[in-house]
Amino acid sequence: MRGYIARRLLLLVPVLLGVSIVVFMVLHLSPGDPAEIMLGSQATQEDLARLRRELGLTEPLHVQYFRWMSHVLRGDLGRSLWMKRPVLDEVLHRFQATLVLTGSGLLLSTLGGIALGVASAVRPHSLLDRMSAVTSLFGASMPVFWLGIVLMVVFSLWLGWLPASGMWAPYGGGDLRDLAAHLVLPALTLAAASMTIIARLTRSTMLDVLGQDYIRTARAKGLIEGRVVFRHGLKNALIPIVTVVGVQAGYLLGGAVLTETVFAWPGVGLLMVQGILARDFPIVQGCVLVIALTFVLINLAVDLLYVYLDPRIHYE
Amino acid sequence: MTMGRTLASIITMTVALGFWAAPVGAQPAGTLVVGLVAEPVNLDPPQVTDLNSNRVGRRIVETLVTFPEESTQVVPGLAESWTISKDGLQYTFKLRRGITFHDGTPLNAEAVKFSIERQINPNHPAYKLGKYPFANFFFGNVKAVEVLSEERVAFLLNEPRASFLAILTAGAASIVSPTAVMKWGPDYPTHPVGTGPFRFASWDRGQRVVLEKNPAYWKYPVKVERVIYRPIVEDQARLTELLTGTLDVIVGVPADFVGQLEQNAKITLLKQVGAHVWYLGMNNQRKPFDDKRVRQALNYAVNKEAIVKDVLKGTGASSRGPVLPGTWGADPALKAYPYDPERAKKLLAEAGYPSGFSTTLWVPESGSGMQAPVAMSTVMQSNLKAVGVNVTLQTMEWGAYLAKLRTKEQELFALSWMAGTEDPDMVMYPLLHSSQWTPVGPNRALYKNPRFDALLQQARLTTDQAKRTQLYREAQRILVDDAPWVFVDHEIQIAALSKRVQGFKLHPSFDLRVETISLR
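In this text the structure is predicted, and so the values were computed from the model without any measurement.

A. Structural view of a nonpolar patch on the surface. Residues and elements named next belong to chain A. A surface patch of nonpolar side chains, about 380 Å² in accessible area, is lined by Phe145, Trp146, Val150 and Leu258. Per element, the largest residue contribution to the nonpolar patch is three residues, and it comes from helix α7 (residues 144-158). By the element assignment, Phe145 lies in helix α7. Assessed through its relative accessible area of 42%, Phe145 is described here as partly exposed.

Have a look at this one:
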């Protein structure tokens, strides 16, 4: 097991290298020149040429890439072109906010999704089941920004229960209660689609499991229904659910970009959008690297969870 | 059923959480909260070109001279008086006494020299600390900044430029604390120090920038204790925050919300035409736009009023020429091209295009000052179609677009300009003088008229403002007749304020002067 983890961690290296090359190339080959954007429409040709030289943009791409990589390997992600701040500090600072948001989104979608799915499976074709089918259709097909704005209008503007945007109250605030209030709407927005997907999957897996012989045996032994459903049913249905939760975790990281923009959540997604618009290459590269790293770590965690859930699985 | 109960309790808890977290309004007294469209990127005004950064940064620093509210006459700022040499080559300023920067450094001639020379002198210790986008544009003409005494400083120019005083009102001409710049080095933009009405307190990335009032402000006592700037990209979120009372001021009110806000008794809506012009550039060196009749035809063909009314919903004022009406250089006698498709068709026929022609219009998807470029261009496309001109729209990303305009391959292109300094020279010279043809300068229409050039040059050498006014008026008459662009609109800036806010006015330069605000 320990060897397996070590090998998986080693495997991260080529994956991250690949990601970094793709991101670097996409950014540098896509139209939009940071020098043009930084100097604006008043810039002279000489100013632009000088700035491009200073930024190292005149060299061949592979040279630029290797220089950047060699710095990255030494833990230096460069300085933001605009903010002049070290990229690593900036990205890590923002990443905490993203973790809070995606973490609660994941928790909400997993717990909510499993609860809904189990409830639907226990009573198939009941009102709840049918309602959940309909809302699933909505949840999975609703654009994040639209849902976000609807929730914002209802809960902030009309009802006045929750703040519309940001992570903390602008003037101080800063306790957990303040954070929770700001978190509800974005987390709900982010979680909605995943929750419905997890719910549908849980329902079908649970239906499958609940039809198995050992469930009938358990019931025949006279176990109470709750114990049958959770101890015997759910635990055995969990493996495909864990897989889809893992996939959804990645999806949530991506969805955070939109959610953060809608709700002015000060995370890495918002920073990335800002970086892309300003062609702030070091910032965008830093954001993508951190997100990619998280993504592969989540995959690793999912694989390890399999072993825990199903002792029959062995990794060599 | 247990599941149903679990679900019910989850819902109840969510709702309860809402109530538990309920009170979300209520600002502490003396705190003004401003919603920005995007986060400032850098708080050193000479280093930035975007409005959000400038609007915050310029609260911290000041300039030698400035523009008062609603006037275009240059007035004293950090300098209490100045003299201009007869030949127009030396500007000497006398600084106000007893002003210190927020870090205690005294404001003196050395500080002025430092602030300007860091941008243009490669041997200056702070030269490499930032990119100064306006350095050449504004100060390329400055030979040296000389310290005459503790409180007297002189700018020596290579050649006369009558707009130089106006240039010194720009953000690029901000006077900064040399001590702070050298102390923080490349990190200075996150630790800015000036003499302004507010001093920098903190910057919580992505979340807020906090400024505190400068209790020793020399001009007048500042009435709010602190200003918090919050970047909120999403229009609906910014609006919701204003309506729920967590924001006091928002700018960049989207056109679609204006009607709704006008009805709202809790909100004050302010409008002000800005020193901005949005134009449809034509490549004056290319067929068929090398023919004046074709260019005039396009001016008649475009329905500016409809664009302003239907696309911009009143957030623009249709334009007669490049200079903002009402400012001192504008020609009040100037007539706009009326919407007259028949006249356009006639002119096209005279120019040898009775059945029109096909062309390409380059449009950026967005960009500083661009309002609604694609929607506006689409309307123009259909206007032009009606007179036989088939336009293909080609949309581009902003950075790519600016680069592409340097290739001189443009036929039609959509662009805008914010002068910021309110001097007609700063609009007409860079955009239309033939020495400024792209890629050297921003004359992307490749317009050239020797008479027009001569008038602008003469105006640069004249310090008498009445005389300059005459020269600029004549230049505008030539320009509008030549029609190198289709003059489309001037942006009307809109701010929405809560009723707490008193004493605030929008400024034509798009600056956001919150230092005049008091809170009820």
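B. Region of interest: the pattern of salt bridges. Overall, the coordinates contain 39 salt bridges over all chains when judged by the stated rule. A:Asp303 is the salt-bridge partner of A:Arg8, the closest N and O atoms lying 2.3 Å from each other. Note that A:Arg8 is positioned in helix α1 (residues 2-29) and A:Asp303 in helix α12 (residues 281-309), a separation of 295 residues in sequence. Its salt-bridge partner being B:Arg513, residue B:Asp511 comes within 3.4 Å of it at the nearest N-O pair. Of the two residues, B:Asp511 and B:Arg513, neither departs from the other in class, the shared state being buried. Via salt bridges that share partners, A:Asp33, A:Glu36, A:Arg52 and B:Arg406 belong to a single interconnected network.

C. Looking closely at the packing of aromatic side chains. Residue and element names in this part refer to chain B. One pass over the full model with this rule turns up 24 aromatic pairs over all chains. Each residue in the set Trp82, Tyr91, Phe93, Phe155 and Phe164 is aromatic and connected to the rest through ring pairs, giving one cluster. One residue, Arg205, lies across the ring of Trp203, its end atom 4.3 Å from the ring centre. Stacked on the ring of Tyr429, the Lys or Arg Arg460 has its end atom at 3.5 Å from the ring centre.

D. Representation of the pairing of strand β18 (residues 485-498) of chain B in the model. Residue and element names in this part refer to chain B. Counting buried positions along β18 gives 14 out of 14 residues, so the element sits mostly inside the fold. Taken together, the three bridges between strand β11 (residues 249-251) and β18 define a ladder with antiparallel strand orientation. Note that in β18 the partner of Val249 across the bridge is Leu497. Sheet analysis places strand β12 (residues 267-273) next to β18, joined by seven bridges and oriented antiparallel. Considered in β18, the bridge of Gln272 is made with Gln493. By the bridge criterion, four bridges tie strand β13 (residues 276-282) to β18 in an arrangement that is antiparallel. Within the sheet, the bridge partner assigned to Gly281 lies in β18 and is Trp485. In this structure, strand β14 (residues 316-318) lies alongside β18, joined through three bridges in antiparallel fashion.

E. Representation of the environment of B:Ser509 in the model. All names here are of chain B. Relative to the elements of secondary structure, Ser509 occurs in the loop between β19 (501-502) and β20 (518-519). Given a relative accessible area of 18%, Ser509 falls into the buried group. A polar contact is formed between the side chain of Ser509 and the side chain of His507, at a distance of 2.7 Å.

Parameters at a glance
- Residues numbered from 1 in each chain as written.
- Chains lettered and ligands numbered in written order.
- Predicted model: local features only at pLDDT ≥ 70, side-chain atom pairs only at ≥ 80, totals over all residues.
- Heavy atoms only, no water.
- Patch = residues over 30% accessible without salt bridge, like charges linked within 9 Å, V, L, I, M, F, W, Y side chains within 5 Å.
- Areas by Shrake-Rupley, 256 points an atom, 1.4 Å probe, with all protein chains shown as cover.
- Salt bridge = Lys/Arg side-chain N within 4 Å of Asp/Glu carboxyl O.
- Helix = DSSP H or I, 4+ residues; strand = E, 2+ residues; numbered from the N terminus.
- Buried < 20%, exposed > 50% of the residue type's maximum accessible area, 1.4 Å probe, protein only.
- Phe/Tyr/Trp six-rings, centres within 6.5 Å; stacked < 30°, edge-to-face > 60°.
- Lys NZ or Arg CZ within 6 Å of the ring centre and 35° of its normal.
- Pairing = 2+ DSSP bridges.
- Polar contact = N/O pair within 3.5 Å; in protein donor to acceptor, adjacent residues only side chain to side chain.

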